[in-house]
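# Secondary and tertiary structure notes
This is what each chain is made of:
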Amino acid sequence: MGPDPVATTLAALRSAGLYRRRRVVDGRATGALQVVDGRELLVFCSNDYLGLAQDPRIAEAFARAAANYGVGSGASHLVTGHHREHHALEEELAAFTGRPRALLFSTGYMANLGVACALAGRGDNVLEDRLNHASLLDAGLLCGARFSRFAHADAGALRRRLEACGEGRALVLTDGVFSMDGGLAPLPAMAGACARHRARLVVDDAHGLGVLGASGRGSLEHFGMSADQVAMLVGTFGKAFGTFGAFAAGDEDLIELLIQRSRSYIYTTALPPAVAAATRAALSIAQAEPWRRERTLAHAARFRRLALRAGLPLGESPTPIQPVLLGQPHAATAASEALAERGFLVAAIRPPTVPAGTSRLRVTFSAAHTEQDVERLVEALVEILAGTAQRHQAPRREGDSPHAGTVPAASAPGAPDRP
Ligand SMILES: Cc1ncc(COP(=O)(O)O)c(C=O)c1O
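Computed from a predicted structure; not experimentally measured.

### Concerning the domain arrangement of the chain
Domain annotation for the chain reports domain 1 (23–52 + 290–406) and domain 2 (82–267). Taking only C-alpha atoms, the centre of domain 1 and the centre of domain 2 are 26 Å apart. Between domain 1 and domain 2, the buried area comes to about 2100 Å², and carbon and sulfur atoms account for 57% of it. At the surface where domain 1 touches domain 2, the tally comes to 1 salt bridge. Here Arg360 ties to Asp181 by a salt bridge, and the two come within 3.0 Å at their closest N and O atoms.

Structure representation (structure tokens):
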């Protein structure tokens, strides 16, 4: 008998510095402090951008709804699972996004699968930014269309791909804010290219909604775009809104098509109604308390100012996601461990989540942080990275990555695979 392939795979991951390990969280102390593996750490890597995940008003809405309706929804939306709370949340999301309708999905991953598989199939073309979230990439691969990726945040590259598309519909999928880089997709130029080629544009704004734009309506509002420039918007609740679940928003017919055709909508149990009730509370708080997103963005700007002055290798990002680029996986894990020794939790992000050579600390900011928290983090980073930043700095040109271009299958070696 040869070596056990499972053990070999695990050993290879360990020796490459790519082994993943879960931490056990016991609960929140105060603000962004969490008890993790028995230690109190200041968390700088969650997606709780508005500091709502522990908000007592949201917890109370959840508890009240659970007491009234029970916990489980009991069935899928198309059987008996579609509760009044779900329906009301869909209407509020439609109003929030300025679109005729919204449809709840159990997770963002499932929303992206459901949208892509309803809007494209065999004979069609799916075009994606090469740094899209794994759920969008998987959706594009699973829907059975011809799949290709274009250079990151490059509307010219998208235009050329659209020109080269043969017969069939074209569906373009992109993150609004790239989850591991924090940069924005050039949405106005992408929407222009899609309009010229009669392609449908879908934007997953998981990291923009609630955070960007004058009223927190996300990347489209940030760019001053109208709803009709983007056929469908996907959003998640597990990030800025501090709860769980997701939605897609679009016109009447597109949403009806999702209800009829999205397998990840049809064949799954509806979210607990109490999650919908909690999310309604979160949506209302996020709109009523703009100071939350202002504070988060101010923290990110302060961090950039201090970190760049200290020579830390940051990416280009105007959002609360601020990557510190370290290059090799071991450099990122060592920095993450050294930060934990100093009381900070910042997870190391390594391939296949990001392309080879771009391992990083993905630092994120929250309204739950204080200015002093931000300053202390920069001091700790400077101490840890002094002298190593140059050695480990990642390649910065997009074209440097081996991942550009068309990948034929989900198992394409090294395809970035974003969490
Ligand atoms: C851009 C993006 N889309 C979708 C998802 C998936 O959302 P969910 O966690 O609700 O499955 C994530 C992260 O989780 C994400 O970063």
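Okay, back to it.
### Structural notes on the sheet that holds strand S11 (residues 321–327)
Pairing is antiparallel across the open sheet formed by 3 strands, whose spatial order is S11-S14-S13. Where the open sheet ends on each side, the last strands, each with one partner, are S11 and strand S13 (348–349). Of the pairings in the sheet, the one linking S13 to strand S14 (residues 359–364) comprises 2 bridges and is antiparallel in character. The residue of S14 that forms the bridge with Ala348 is Leu361.

### A word on the packing of helix H5 (residues 108–119) against helix H10 (residues 252–261)
Describing two packed helices takes the angle between their axes plus the distance from one axis to the other. Interhelical geometry of H5 versus H10 gives an angle of 100° and a closest axis separation of 9 Å. In terms of orientation, H5 and H10 fall into the roughly perpendicular class. Of the residues in H10, those touching H5 at Gly114, Val115, Ala118 and Leu119 are Leu254, Leu257, Leu258 and Arg261. Class assignment for the residues of the contact of H5 with H10 results in 6 nonpolar, 1 polar and 1 charged.

### Thoughts on the site of the ligand
Surrounding the ligand, one finds 14 residues, the nearest of these being Gly108, Tyr109, Asp204, His207 and Lys239. In this structure, Asp204 approaches the ligand through a side-chain N or O atom, which is 2.5 Å from a nitrogen atom. In this structure, Lys239 approaches the ligand through a side-chain N or O atom, which is 2.8 Å from an oxygen atom. Compared with its free state, where it exposes 380 Å², the ligand has 84% of that area covered by protein.

### Here's the deal with the confidence of the model for the chain
When pLDDT is averaged along the chain, the result is 91; 91% of the residues meet or exceed 70. Confidence drops under pLDDT 50 across residues 389–419; counting only partners more than four residues distant or on other chains, this segment forms 68 contacts.

### Some details on the pairing of strand S6 (residues 146–150)
S6 sits mainly inside the fold: 4 of its 5 residues count as buried. Here 5 bridges tie strand S5 (residues 125–129) to S6, and the two strands are oriented parallel to one another. Counted as the bridge partner of Asp129 is Phe150 from S6. The β-α-β motif built from S5, the intervening helix H6 (residues 134–142) and the parallel element S6 has right-handed crossover chirality.

### Comments concerning the pattern of salt bridges
By the definition in use, this model includes 15 salt bridges. For the salt bridge of Asp55 with Arg292, the shortest nitrogen-to-oxygen distance reads 3.5 Å. Of this pair, Asp55 sits in the loop between strand S3 (39–43) and helix H2 (56–69) while Arg292 is found in helix H13 (residues 291–309), placing the two residues 237 residues apart along the sequence. With respect to burial, Asp55 and Arg292 carry one shared label: buried. With a closest N to O distance of 2.7 Å, Glu289 and Arg57 form a salt bridge. Placement of Glu289 in the loop between helix H12 (273–288) and H13 and of Arg57 in helix H2 is noted, with a sequence separation of 232 residues between them. Residue classification places Arg57 among the partly exposed residues on the basis of a relative accessible area of 38%.

Parameters at a glance
Residues numbered from 1 in each chain as written. Predicted model: local features only at pLDDT ≥ 70, side-chain atom pairs only at ≥ 80, totals over all residues. Heavy atoms only, no water. Domains from an automatic or database assignment. Buried area = accessible area lost by both parts, 1.4 Å probe. Salt bridge = Lys/Arg side-chain N within 4 Å of Asp/Glu carboxyl O. Pairing = 2+ DSSP bridges. Helix = DSSP H or I, 4+ residues; strand = E, 2+ residues; numbered from the N terminus. Axes fitted to C-alpha atoms, helices over the stretch in contact; angles between N-to-C directions. Parallel < 35°, antiparallel > 145°, perpendicular 65-115°, else oblique. Contact = heavy atoms within 4.5 Å. Nonpolar A, V, L, I, M, F, W, Y, C, P; charged D, E, K, R; others polar. Near = heavy atom within 4 Å. Polar contact = N/O pair within 3.5 Å; in protein donor to acceptor, adjacent residues only side chain to side chain. Areas by Shrake-Rupley, 256 points an atom, 1.4 Å probe, with all protein chains shown as cover. pLDDT = per-residue confidence, 0-100. Buried < 20%, exposed > 50% of the residue type's maximum accessible area, 1.4 Å probe, protein only. Right-handed = clockwise from strand over helix to strand, strands pointing away.

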